[in-house]
Amino acid sequence: MDQLPDISGLTDAARAASRVLANATTGLKNQALEAIATAIVERSEEILRANESDLARGRDNQMSGGLLDRLALTPERIEAIANSVREVEALPDPVGEVIRGTRNELGLRITQLRVPMGVIGMIYEARPNVTIDAAVLALKAGNAVILRGGSAAQESNKAIIGVMREALVSLGLPADLVQSVDSFGRAGATAMMKARGGIDVLIPRGGAGLIRAVVENSIVPVIETGTGNCHVYVDSGADLEAAEKIIMNAKTQRVGVCNAAETLLVHIDEAEAFCSSALRQLAAAGVTLHLDERAMSIASASDAIPAKYLKPVVEDDWAREFLSMDLAVRVVDSIDEALEHIRRYSSGHTEAICTRSLASANRFRTELDSAAIAINASTRFTDGGQVGLGAEIGISTQKLHARGPMGLSELTTSTWIIEGEGTIRP
């Protein structure tokens, strides 16, 4: 095994910087976020030039359309990112929040307070916006952050991190609150996984292979984010017009994201009416449909759906996170069959049901084990900004500490404060 790079200098600097930030007021942290938001927009041309370099390399390397979309920045996306920074700025500061408190029979005042984690490591793929989201959320929660953003976005991330570090220094805060190991390549990510004691928690965000590698190889505690094999189920008696809008939004609004729908399940009672219309609209939008036999029978009977968009489904399709204009489609005989399919293939991210039945909605909510359940709503709402957290650092599909979209509170831990007056335990 090749010798890993020594990142102890980075982790030591991050630790020292985190102690400075731990003593910063909410006002100073908010000023830092405002400075970052302003600088990102003011220096957007510099960031876009770096991003175009990454995009050109991605196209040369035949990166998929979905991944190129994840990688791409535009003036509009940069403005949206700056707005998301300001949304975090406007959120309550979790540090110092009293989680619970009591006074015991000896007169001790016992309080559990939220405190920063310290140093957070983030490993992610081809997502320049995550560079900003991770840094901003970490900073507001009082943490330093060390980033590994992947070679696909190396130039974009370098430019963005440089902008953020300069914004921090302009307010007298340490630049080392935001650092990167990108210069070390993949070895930098491995070094982060082995930096127990230097990094307090590691968060992987990306494809299944990346997440599995971090979970299996890290000796640093990991908050596991998950892949998004998300399902939309159209129940018997559902509002088919609303269901069609939901599947179109869930699949086509933005395909290269973890909360995009990857499988459509349709109750047999609605299959003919729903599939003949919805599949036509999906194909017209450029979605390739991976169909089971009954869905294929309905779709192939329509002259309005070009054959190039119709493929027989294969077993592996049910478990795939396509991250592309592809959708697996199955006709089911009952909600029981839909639930069983989802339990078998789901990644535990987000499942959606289109239904008029309260009983079906309740079964869907209680019998599935996913981080988010959408009832008559798109899977695309499983997002930190959409659920009121501001920018998110990831969507956790595990069950310990954090689950679902992770915002500020999930980047803190707690300390117990026990106050007495010379009190001793009897």
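So, a few notes on the structure that sits alongside this text. In this text, all values refer to a predicted model and were calculated from it rather than measured experimentally. (Residues numbered from 1 in each chain as written. Predicted model: local features only at pLDDT ≥ 70, side-chain atom pairs only at ≥ 80, totals over all residues. Heavy atoms only, no water.)

Some thoughts on the sheet that holds strand β1 (residues 98–103)
- Read from one edge to the other, the open sheet built from three strands follows the order β1-β2-β16, with strand pairing classed as antiparallel. With one partner strand each, in any of the chains shown, β1 and β16 (412–419) form the two edges of the open sheet. Between one strand axis and the next, the sheet turns by 20 degrees as a mean value, whatever way the strands run.
- Summarising the sheet, strand β2 (residues 109–116) and β16 pair through eight bridges and their orientation is antiparallel. Within β16, the residue paired with Arg109 across the bridge is Glu419. (Pairing = 2+ DSSP bridges. Helix = DSSP H or I, 4+ residues; strand = E, 2+ residues; numbered from the N terminus. Axes fitted to C-alpha atoms, helices over the stretch in contact; angles between N-to-C directions.)

A few points about the pattern of salt bridges
- Following the criterion strictly, the structure yields 24 salt bridges and no others.
- Two residues, Lys251 and Glu262, come together in a salt bridge whose shortest N-O distance is 2.8 Å. Placement of the pair is Lys251 in helix α10 (residues 240–252) and Glu262 in strand β8 (residues 261–267), with a sequence separation of 11 residues.
- For Glu262, a relative accessible area of 0% puts it in the buried group.
- With a shortest N-O distance of 2.8 Å, Arg363 and Asp336 are connected by a salt bridge. Note that Arg363 is positioned in helix α14 (residues 358–367) and Asp336 in helix α13 (residues 335–345), a separation of 27 residues in sequence.
- Overall, the relative accessible area of 42% leaves Asp336 in the partly exposed class.
- Among the ionic contacts, a cluster of salt bridges with common partners joins Asp336, Glu340, Arg343, Arg363 and Glu367. (Salt bridge = Lys/Arg side-chain N within 4 Å of Asp/Glu carboxyl O. Buried < 20%, exposed > 50% of the residue type's maximum accessible area, 1.4 Å probe, protein only.)

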